[in-house]
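Structural overview for review
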Amino acid sequence: MRTTPFPATLRRQWGLDLSPGQLYAILRLRQDVFVVEQNCVYCDVDGRDLEQGTRHFWLEADSSPEPLAYLRLLEEPGGTFRVGRVATARMARGRGFSRRLMQAALADVGNAPCVLDAQTYVSAFYASFGFEAEGEEFIEDGIPHLRMRRTP
(Lines give C-alpha, C1' and ligand atoms only; values in the text may rest on other atoms or scores of the structure.)
Protein backbone atom coordinates (compact mmCIF):
# COMPACT_ATOMS: atom_id res chain seq x y z
CA MET A 1 0.00 0.00 0.00
CA ARG A 2 1.45 3.36 -1.02
CA THR A 3 1.36 6.13 1.51
CA THR A 4 0.59 9.72 0.70
CA PRO A 5 3.72 11.42 -0.58
CA PHE A 6 5.21 14.27 1.36
CA PRO A 7 7.42 17.03 0.02
CA ALA A 8 11.02 16.02 -0.52
CA THR A 9 13.75 18.01 -2.22
CA LEU A 10 15.99 16.33 -4.78
CA ARG A 11 19.69 16.98 -4.27
CA ARG A 12 22.46 16.21 -6.77
CA GLN A 13 26.09 16.73 -5.88
CA TRP A 14 29.44 15.79 -7.35
CA GLY A 15 31.39 13.63 -4.93
CA LEU A 16 34.22 16.13 -4.57
CA ASP A 17 31.72 18.88 -3.70
CA LEU A 18 30.03 17.05 -0.82
CA SER A 19 30.39 18.68 2.57
CA PRO A 20 31.61 16.46 5.41
CA GLY A 21 28.10 16.60 6.88
CA GLN A 22 26.47 15.52 3.61
CA LEU A 23 28.92 12.65 3.14
CA TYR A 24 28.40 11.53 6.74
CA ALA A 25 24.59 11.53 6.35
CA ILE A 26 24.80 9.56 3.09
CA LEU A 27 27.16 6.98 4.56
CA ARG A 28 24.94 6.68 7.63
CA LEU A 29 21.85 5.94 5.52
CA ARG A 30 23.74 3.35 3.48
CA GLN A 31 25.08 1.74 6.65
CA ASP A 32 21.62 1.67 8.25
CA VAL A 33 20.06 -0.01 5.20
CA PHE A 34 22.76 -2.30 3.85
CA VAL A 35 24.92 -3.20 6.85
CA VAL A 36 22.45 -3.10 9.76
CA GLU A 37 19.01 -3.78 8.26
CA GLN A 38 20.14 -6.28 5.61
CA ASN A 39 22.76 -7.72 7.96
CA CYS A 40 25.54 -7.54 5.35
CA VAL A 41 28.99 -7.01 6.72
CA TYR A 42 30.86 -5.49 3.80
CA CYS A 43 33.07 -2.51 3.07
CA ASP A 44 30.58 0.11 1.88
CA VAL A 45 33.27 2.80 1.78
CA ASP A 46 34.89 1.53 -1.40
CA GLY A 47 36.93 4.57 -2.43
CA ARG A 48 34.55 5.60 -5.22
CA ASP A 49 32.38 8.17 -3.43
CA LEU A 50 34.86 11.01 -3.96
CA GLU A 51 36.13 10.04 -7.42
CA GLN A 52 36.09 12.60 -10.19
CA GLY A 53 32.77 12.09 -12.00
CA THR A 54 30.90 10.41 -9.14
CA ARG A 55 27.45 11.88 -8.62
CA HIS A 56 25.30 11.54 -5.54
CA PHE A 57 21.53 11.92 -5.64
CA TRP A 58 19.32 12.05 -2.58
CA LEU A 59 15.95 13.24 -1.38
CA GLU A 60 15.50 15.07 1.88
CA ALA A 61 12.45 16.34 3.70
CA ASP A 62 12.06 20.09 3.96
CA SER A 63 12.21 19.74 7.74
CA SER A 64 15.56 17.87 7.88
CA PRO A 65 18.76 17.62 5.83
CA GLU A 66 18.96 13.87 6.53
CA PRO A 67 18.56 11.84 3.32
CA LEU A 68 15.34 9.85 3.00
CA ALA A 69 16.57 8.01 -0.10
CA TYR A 70 19.86 7.88 -1.95
CA LEU A 71 21.53 6.71 -5.18
CA ARG A 72 25.12 6.86 -6.44
CA LEU A 73 26.03 7.26 -10.12
CA LEU A 74 29.54 6.33 -11.25
CA GLU A 75 31.25 6.89 -14.58
CA GLU A 76 32.99 3.71 -15.68
CA PRO A 77 35.79 3.44 -18.24
CA GLY A 78 34.51 3.44 -21.82
CA GLY A 79 31.57 5.76 -21.20
CA THR A 80 29.30 3.36 -19.31
CA PHE A 81 27.57 4.56 -16.17
CA ARG A 82 26.91 2.45 -13.05
CA VAL A 83 23.96 2.98 -10.72
CA GLY A 84 24.51 1.72 -7.21
CA ARG A 85 23.92 2.06 -3.51
CA VAL A 86 20.18 2.70 -4.04
CA ALA A 87 18.77 2.93 -0.52
CA THR A 88 15.64 4.29 1.15
CA ALA A 89 15.24 4.81 4.88
CA ARG A 90 12.73 2.37 6.35
CA MET A 91 10.33 5.14 7.40
CA ALA A 92 10.33 6.63 3.88
CA ARG A 93 9.58 3.52 1.83
CA GLY A 94 6.56 3.24 -0.44
CA ARG A 95 6.59 6.90 -1.46
CA GLY A 96 8.18 6.56 -4.91
CA PHE A 97 11.50 8.03 -3.81
CA SER A 98 13.67 5.43 -5.54
CA ARG A 99 11.74 6.05 -8.76
CA ARG A 100 12.42 9.81 -8.50
CA LEU A 101 16.11 9.16 -7.93
CA MET A 102 16.35 6.76 -10.88
CA GLN A 103 14.61 9.27 -13.15
CA ALA A 104 17.08 11.98 -12.11
CA ALA A 105 20.13 9.74 -12.54
CA LEU A 106 18.99 8.47 -15.93
CA ALA A 107 18.41 12.06 -17.07
CA ASP A 108 22.13 12.60 -16.39
CA VAL A 109 23.05 9.36 -18.18
CA GLY A 110 21.08 10.29 -21.29
CA ASN A 111 21.74 7.85 -24.14
CA ALA A 112 24.89 6.33 -22.63
CA PRO A 113 24.85 2.67 -21.61
CA CYS A 114 24.20 2.04 -17.93
CA VAL A 115 24.66 -1.02 -15.70
CA LEU A 116 23.70 -2.01 -12.17
CA ASP A 117 23.69 -5.03 -9.91
CA ALA A 118 20.10 -5.36 -8.69
CA GLN A 119 18.97 -7.34 -5.72
CA THR A 120 16.84 -9.92 -7.52
CA TYR A 121 13.63 -9.10 -5.66
CA VAL A 122 13.66 -5.55 -7.11
CA SER A 123 14.77 -6.41 -10.65
CA ALA A 124 11.26 -5.63 -12.02
CA PHE A 125 11.63 -2.09 -10.66
CA TYR A 126 14.80 -1.59 -12.72
CA ALA A 127 13.24 -3.32 -15.74
CA SER A 128 10.59 -0.56 -15.69
CA PHE A 129 13.42 1.82 -16.69
CA GLY A 130 14.56 -0.36 -19.58
CA PHE A 131 17.21 -2.42 -17.76
CA GLU A 132 17.49 -6.05 -18.87
CA ALA A 133 19.07 -8.95 -16.98
CA GLU A 134 22.50 -9.89 -18.26
CA GLY A 135 23.74 -13.31 -17.23
CA GLU A 136 22.74 -15.58 -14.39
CA GLU A 137 21.73 -14.68 -10.87
CA PHE A 138 24.68 -14.42 -8.46
CA ILE A 139 25.08 -14.11 -4.72
CA GLU A 140 26.73 -11.00 -3.31
CA ASP A 141 27.03 -10.58 0.44
CA GLY A 142 24.52 -13.41 0.90
CA ILE A 143 21.83 -11.72 -1.25
CA PRO A 144 20.75 -12.88 -4.75
CA HIS A 145 21.54 -10.28 -7.45
CA LEU A 146 21.19 -9.85 -11.20
CA ARG A 147 23.52 -7.81 -13.37
CA MET A 148 21.33 -5.54 -15.50
CA ARG A 149 22.10 -3.30 -18.46
CA ARG A 150 20.24 -0.45 -20.16
CA THR A 151 21.37 0.35 -23.67
CA PRO A 152 19.15 3.03 -25.21
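These numbers come from a predicted model, not from an experiment.

Counting along an α-helix, one turn takes 3.6 residues, and residues three or four places apart therefore face a common direction. End to end, helix H1 (residues 20-37) covers 24 Å across 18 residues, agreeing with the expected 26 Å (1.5 Å per residue, within 8%). Contact partners of the buried residues in H1: strand S2 (55-61), strand S3 (67-75), strand S4 (81-88) and strand S5 (114-119). Looking one or two places after H1, you find Asn 39, whose phi comes out positive at around 55 degrees.

Of all the 8 residues making up S4, 6 are buried; the element is thus mostly covered by neighbouring parts of the structure. Here S3 runs beside S4; their pairing, made up of 6 bridges, is antiparallel. Each bridged residue has a counterpart across the sheet, and for Ala 69 the counterpart in S4 is Thr 88. Hairpin connection of S3 to S4: 5 residues between the antiparallel strands, including Gly 78 at a positive phi of 85 degrees. In terms of strand pairing, S4 meets S5 through 2 bridges, oriented parallel. Counterpart to Arg 82 in the pairing with S5 is Val 115. With respect to chirality, the unit in which S4 leads through helix H2 (residues 97-109) into the neighbouring parallel S5 is right-handed.

Let us look at the side chain of Glu 60. Mapped onto the elements of the fold, Glu 60 is located in strand S2. The class for Glu 60 is buried, based on a relative accessible area of 10%. In terms of polar contacts, Glu 60 uses its side chain to reach the side chain of Arg 11, at 3.1 Å. A distance of 3.0 Å separates a polar atom in the side chain of Glu 60 from a polar atom in the side chain of Trp 58.

The next thing to look at is the environment of Gly 110. Structurally, the position occupied by Gly 110 is in the loop between H2 and S5. When the C-alpha atoms of Gly 110 and Pro 152 are compared, they prove to be 8.5 Å apart, with 42 residues separating the residues in sequence. With residues up to four places along the chain from it excluded, the contact list for Gly 110 reads Arg 150 and Pro 152.

Moving on, we get to the environment of Phe 34. Tracing the chain through its elements places Phe 34 in helix H1. The exposure class of Phe 34 is buried, given its relative accessible area of 10%. Spatially, the C-alpha atoms of Phe 34 and Arg 85 are 8.6 Å apart, while their sequence positions differ by 51 residues. Not counting chain neighbours up to four residues away, the residues in contact with Phe 34 comprise Asn 39, Cys 40, Tyr 42, Arg 85, Val 86, Ala 87 and Gln 119.

What follows is about unusual backbone geometry. Negative phi values dominate among residues other than glycine, just as trans dominates among peptide bonds. Positive phi outside glycine occurs at Arg 85, with the angle close to 55 degrees. Relative to the assigned elements, Arg 85 resides in strand S4. Residue classification places Arg 85 among the buried positions, given a relative accessible area of 19%. Positive phi, close to 55 degrees, is recorded for Asp 141, a residue that is not glycine.

Calculation criteria
- Residues numbered from 1 in each chain as written.
- Predicted model: local features only at pLDDT ≥ 70, side-chain atom pairs only at ≥ 80, totals over all residues.
- Heavy atoms only, no water.
- Helix = DSSP H or I, 4+ residues; strand = E, 2+ residues; numbered from the N terminus.
- Expected span 1.5 Å × (residues − 1).
- Contact = heavy atoms within 4.5 Å.
- Buried < 20%, exposed > 50% of the residue type's maximum accessible area, 1.4 Å probe, protein only.
- Pairing = 2+ DSSP bridges.
- Right-handed = clockwise from strand over helix to strand, strands pointing away.
- Polar contact = N/O pair within 3.5 Å; in protein donor to acceptor, adjacent residues only side chain to side chain.

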